[in-house]
Amino acid sequence: MGLTAVSATALRVAAVRARESTRPDRLFNDPYAAAFAAAANTAGPVDGTGPGGAESVSGEDLGNAKRVRQLLALHVVVRTRFYDDYLLAAGCRQVVLLAAGLDARAFRLPWPADTHVFELDLPEVLAVKDRVLSAQAAACTRTTVAVDLRADWPSALLAAGFEPGEPTAWLIEGLLVYLTAEQAEALLTAVRALSAVGSRLATEGSGAGQVARTRQTVTTLWQGGLDDPPDWLARHGWHTEVHELADLAATYGRPLPAPSASGFVTATAVEG
């Protein structure tokens, strides 16, 4: 199976979720994550290394790289729980997961009746996902859309049955930092154009400084995304709320091992 570096990243995230699901104090349960992590042979540890990862970091930086990878693993755990709660509380029967990755939310969350979940990601990611879940029944109506989110994904989503006049809960998980600022703006502009008033959105809210430090230590795949996603959203028709990683981690009983400027932003589409 020829997986791209981005697809391998999805597998490593699945491995983090699999480990969390075995803990007696787990913040969520993903019974499919271990199967995803075993679905392909990936080189290197699953806690954040990979192309351009710790093997690219020399001597004195190696210890710092390990600490950053551990922090990123905890980030994955906290964001999974936070996004699960967000999606279930959003109150929207139409849900779009951009860069859905290998999380099985359509199968593992207790969705309200008549919920339609659209999952968009690269063809090779969805191929792994569909193979692992082929014998499972989703807990909602589930539609997958194989597409590169740097291309014309809105047309593909509309062709798959998306209703732009209906309020939508959007989730953009772990994606924006892999895009340039221009690509991130284009994606968010398209999301706003497809969002009826009352639609919800959640994504990471890290600033450029945090992204730059992590990119240098962990992976050359990171492009930086937007300097300030909450500010951009507020200026483009969204009412925003910022949620700090450290605060969420403490609330969940998982205090961070080191300071972090990371966080998340949720937003509601408003008039104008």
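About the cut-offs
Residues numbered from 1 in each chain as written. Predicted model: local features only at pLDDT ≥ 70, side-chain atom pairs only at ≥ 80, totals over all residues. Heavy atoms only, no water. Helix = DSSP H or I, 4+ residues; strand = E, 2+ residues; numbered from the N terminus. Expected span 1.5 Å × (residues − 1). Buried < 20%, exposed > 50% of the residue type's maximum accessible area, 1.4 Å probe, protein only. Salt bridge = Lys/Arg side-chain N within 4 Å of Asp/Glu carboxyl O. Phe/Tyr/Trp six-rings, centres within 6.5 Å; stacked < 30°, edge-to-face > 60°. Lys NZ or Arg CZ within 6 Å of the ring centre and 35° of its normal.

*Asks:* I tried to follow helix α7 (residues 181-193) on my own but got confused; where do I start?
*Replies:* Counting along an α-helix, one turn takes 3.6 residues, and residues three or four places apart therefore face a common direction. With 13 residues, α7 should cover 18 Å at 1.5 Å per step; its first-to-last C-alpha distance of 18 Å lies within 8% of that length. What α7 keeps buried is the set A184, L187, L188, A190, V191 and R192.

*Asks:* So what exactly am I meant to see when it comes to the pattern of salt bridges here?
*Replies:* Opposite charge on two side chains lets them pair, provided their charged atoms get close. Taken as a whole and assessed by the stated rule, the structure comprises 18 salt bridges. The closest approach of N and O atoms between E173 and R105, which form a salt bridge, is 2.8 Å. Taken together, the positions of E173 in the loop between β4 (168-172) and α7 and R105 in helix α4 (residues 105-108) put the pair 68 residues apart, joining distant regions of the chain. No difference in accessibility class separates E173 from R105, as the two residues are buried. Across the salt bridge formed by R142 and D130, the nearest N and O atoms sit 3.1 Å from each other. A residue pair is termed long-range when its members are at least 10 positions apart, and R142 in strand β3 (residues 141-146) and D130 in helix α5 (residues 123-132) qualify at twelve residues.

*Asks:* For this particular structure, what's the right way to read unusual backbone geometry?
*Replies:* Of note in the backbone geometry, A99 takes a positive phi value of approximately 60 degrees without being a glycine. Checked against the element boundaries, A99 lands in the loop between β1 (94-98) and α4. A relative accessible area of 15% means that A99 is categorised as buried.

*Asks:* Which parts of the structure should I look at to understand the packing of aromatic side chains?
*Replies:* For any pair of aromatic rings, the description consists of the separation of the ring centres together with the inter-plane angle of the planes. According to the stated counting rule, one finds seven aromatic pairs in the structure shown. Ring geometry for F82 versus Y83: centroids 5.9 Å apart, planes at 50 degrees, classification tilted. Take F82: its relative accessible area is 10%, and that puts it in the buried class. Residue class for Y83 comes out buried when judged on its relative accessible area of 0%. When the centroid spacing of 6.1 Å and the interplanar angle of 75 degrees are considered together, the rings of F118 and F162 count as edge-to-face. You can see F118 sitting in strand β2 (residues 116-121) and its partner F162 sitting in the loop between α6 (153-159) and β4, a full 44 residues away along the chain. One exposure class covers both F118 and F162, and it is buried. Here the aromatic cluster, defined as three or more aromatic residues joined through ring pairs, consists of F118, W153, F162 and W170. We note R192 situated over the ring of W238; from NZ or CZ to the ring centre the distance is 5.5 Å.

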